[in-house]
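# Examining the three-dimensional arrangement
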Amino acid sequence: MAAPAETELIAKAKRGDVDAFCLLVSGHRRAMHALALRFCGNHHDAEDLSQDVFLNAYRAIDRFRGDSSFHTWLRRIMVNSFLSHKRRKEPPRATDVTEGGFPISGSDRTAFNNVMVQQILQRLEEVPARQRLMFIMKHQEGLTCEEIADYFGTSIGTVKKTLFRVVDKLRQEFQRPEIGISEGRNARLSEIP
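Residues numbered from 1 in each chain as written. Predicted model: local features only at pLDDT ≥ 70, side-chain atom pairs only at ≥ 80, totals over all residues. Heavy atoms only, no water.

## Examining the packing of aromatic side chains
One pass over the structure, following the stated rule, counts five aromatic pairs. Centroid distance F64 to F70: 5.6 Å. Interplanar angle 80°. Geometry classified as edge-to-face. Take F64 and F70: they sit in the same class, and that class is buried. Between F70 and W73, the ring centres sit 5.5 Å apart and the planes meet at 40°, which makes this aromatic pair tilted. Of this pair, F70 and W73 both sit in helix α5 (residues 70–88), three residues apart, which is roughly one turn of the helix. With respect to burial, F70 and W73 carry one shared label: buried. (Phe/Tyr/Trp six-rings, centres within 6.5 Å; stacked < 30°, edge-to-face > 60°. Buried < 20%, exposed > 50% of the residue type's maximum accessible area, 1.4 Å probe, protein only. Helix = DSSP H or I, 4+ residues; strand = E, 2+ residues; numbered from the N terminus.)

And the structure:
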């Protein structure tokens, strides 16, 4: 549920007060952009998605019932906007690891981890957008299967089955014997395909 100050801003925004709406979304801008960045994989598309979310929220503010928090409502709009965008456009390819906010360090282990993250993001681009979103919501956002099921309007079993399939696909992709890394030592960049 919304906090009292947020409730007042929502009421004013519903009456057409643009300044109130701007104040309302300003508290959620960073969180929404971070979520959009996780969904999209790059800053440019994340910015576009965030703007779409706020524009759609402004257009639909009179339909906000308050059954959930304003933040949850914005997240739901983001999921819908992202899925709509994916239906209209071919998915962009994953870009440099640093663009996703992952630091690059000099150690071999960090370099190996960054390559693995990059490879996971690339392989996630190959799965359907809905499955990718469920995976990101579970493993990056930390949402429960029940919360994800609520977002997508589906059963918890469907979410669990989808997550299992994505994880199983990733597991199969990464069980390549050519990455010969023995227990107890770090990988060298020359060992990474």
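## Brief notes about the side chain of E6
With respect to the secondary-structure elements, E6 resides in helix α1 (residues 4–14). One polar contact links E6 to H28, side chain to side chain, over a distance of 2.9 Å. Each residue touching E6, except ones within four places of it in the same chain, is listed here: L24, H28 and F70. (Polar contact = N/O pair within 3.5 Å; in protein donor to acceptor, adjacent residues only side chain to side chain. Contact = heavy atoms within 4.5 Å.)

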